[in-house]
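A look at the structure
Single-letter residue listing:
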Amino acid sequence: MDLTERREWDRINFVADRDGIPAARAFAEQGVGQYESAIREADSGGNGYGAAYRESLLASIRVYRQYLEQKD
């Protein structure tokens, strides 16, 4: 697990501990949507953030999807 993935797991666990599992799931779902959108925009030439942080965003998306696949 790389640093980006570890940080995302830490963020998810923080939200889950603070606000509960449903909030952590909502956080992960929102993250997937935002990060995928940034990558799509970068692919169409319209988003420098998505281009600059593509690998980190992809790593974060992987973590969020892993979390969302887990049973509560």
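Presented here is a report on the structure given in the accompanying data block. If you're wondering where the values come from, they're calculated on a predicted model, not measured in any experiment.

This part is about the packing of aromatic side chains. Inspection of every chain in the model, using the stated rule, returns four aromatic pairs. With a centroid separation of 5.7 Å and an interplanar angle of 80°, the aromatic rings of F27 and Y64 are classed as edge-to-face. Here Y64 lies in helix α4 (residues 54-69) and F27 lies in helix α2 (residues 21-43), a separation of 37 residues in the sequence. Among the residues examined, Y64 registers a relative accessible area of 1% and is labelled buried. When the centroid spacing of 5.0 Å and the interplanar angle of 40° are considered together, the rings of Y49 and Y53 count as tilted. Residue class for Y53 comes out partly exposed when judged on its relative accessible area of 45%. Linked through ring pairs, F27, Y35 and Y64 together constitute an aromatic cluster.

Calculation criteria
Residues numbered from 1 in each chain as written. Predicted model: local features only at pLDDT ≥ 70, side-chain atom pairs only at ≥ 80, totals over all residues. Heavy atoms only, no water. Phe/Tyr/Trp six-rings, centres within 6.5 Å; stacked < 30°, edge-to-face > 60°. Helix = DSSP H or I, 4+ residues; strand = E, 2+ residues; numbered from the N terminus. Buried < 20%, exposed > 50% of the residue type's maximum accessible area, 1.4 Å probe, protein only.

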